[in-house]
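Residue-level structure breakdown
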Amino acid sequence: MKKLLYIMTAVLLAVISTSCLKNGLEELDTYEECDITSGEIYWRYYGTDTIPGSGEVQVKQVRLARAISIDEETNTIYILYTTTAIPEAERGNFTQEKAVVAVTISTAAIIEPIGDAPKLGVPGDWSQENKYEVTAANGNKKTWTIVVEPYQ
């Protein structure tokens, strides 16, 4: 009897939780933009402190972006940086081949690396320009070039 009661309850919950609503739903925006709107560069390094719970050495991060320039005609973003934010003892270890880059893209868009371009948000080789494809929510696509250079 209990088994039958459980089955009936499950069926009743399944029927109650379904919706027959077919109209009257609000129209959602279809985003067409596939742009990179800003970018930043970071340096991650091991600090001297340890994390109390695990005993591991703490990883620190500093933002290095100094100035950003976006050329919308060529779909190129230039991220210029300075190493002055890196502590003096760590500054000599900085290399563009292990920097971290993050970008902001259009609402509801996705970004994918092209070829050997590094993933965004993790250490990668930024000593050369890298290409990315940004896809808008409606399917529009643009190829963008990200260039990281020291601020002069």
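Below, the structure is looked at part by part. Position labels on residues start from 1 in each chain and follow its written sequence. Local features in a predicted model are, by the rule used here, given only for residues with pLDDT of at least 70; side-chain atom pairs are given and counted only at 80 or more, and totals for whole chains, interfaces and linings are based on all residues. In computing side-chain properties, one takes all heavy atoms of the structure into account and sets aside hydrogens as well as water.

1. What about the overall build of the chain?
Only runs of H or I of at least four residues qualify as helices and only runs of E of at least two qualify as strands under DSSP, and these elements are numbered from the N terminus. Helix and strand counts for the chain stand at two helices and eight strands. Secondary structure elements of the chain, listed N to C terminal, follow the sequence α-β-β-β-β-α-β-β-β-β. For the radius of gyration, the atom set is restricted to C-alpha positions; the globular benchmark scales as 2.2 Å times the number of residues to the power 0.38. At 24 Å, the chain has a C-alpha radius of gyration far larger than the 15 Å of a compact globule built from 152 residues. Each principal axis of the C-alpha atoms in the chain carries an extent, and together these give about 75 × 50 × 25 Å. Classification of residues uses two cut-offs on accessible area relative to the type maximum, computed with a 1.4 Å probe and protein chains only: under 20% is buried, over 50% is exposed, and between them is partly exposed. Each of the 152 residues in the chain was classed as buried or not, and the buried ones make up 26%. Residues count as neighbours in contact if any of their non-hydrogen atoms are within 4.5 Å of one another. Contacts spanning at least 24 positions in sequence make up 52% of the contacts within the chain whose residues lie at least 6 apart. Total accessible area computed for the chain in this model is approximately 10,500 Å², and 52% of it derives from carbon and sulfur atoms. We score Asp and Glu as negative and Lys and Arg as positive, and we do not count His or the chain ends. In plain terms, the charge of a residue is placed at NZ if it is Lys, CZ if Arg, CG if Asp and CD if Glu. Each charge class in the chain can be summarised by its mean position, and for the 13 positive and 21 negative side chains these summaries are 11 Å apart. In this description, accessible areas are obtained by the Shrake-Rupley approach with a 1.4 Å probe, and a residue is regarded as covered only by the protein chains that are shown.

2. As for the sheet that holds strand β6 (residues 110–113)
Within a beta sheet, neighbouring strands are joined by backbone hydrogen bonds and run either parallel or antiparallel to one another. At least two bridges found by DSSP between two strands is the condition for calling them paired. As summarised here, the arrangement of the five strands in space is β3-β4-β8-β7-β6, forming an open sheet in which the pairing is mixed. Whereas interior strands pair on both sides, the edge strands pair on one side only; in this sheet they are β3 (65–71) and β6. Averaged over all pairs of adjacent strands, the angle between strand axes in this sheet comes to 25 degrees, irrespective of strand direction. Across six bridges, the pairing between strand β7 (residues 130–135) and strand β8 (residues 141–150) is antiparallel. Within β8, the residue paired with glutamate 133 across the bridge is threonine 143. Axis angles are defined between N-to-C directions and span 0 to 180 degrees, where every axis is a line fitted to C-alpha atoms and, for a helix, only to the segment in contact.

3. A word on the sheet that holds strand β1 (residues 36–50)
In space, the three strands of this open sheet follow the order β2-β1-β5, with antiparallel pairing throughout. Across the chains shown, the open sheet's two edge strands, defined by having one partner strand only, are β2 (57–63) and β5 (100–105). Taken over all neighbouring pairs, the strand axes of this sheet differ in orientation by 35 degrees on average, direction set aside. Sheet topology note: the β1/β2 ladder contains six bridges and is antiparallel. Looking across to β2, one finds that tyrosine 46 is bridged to valine 59.

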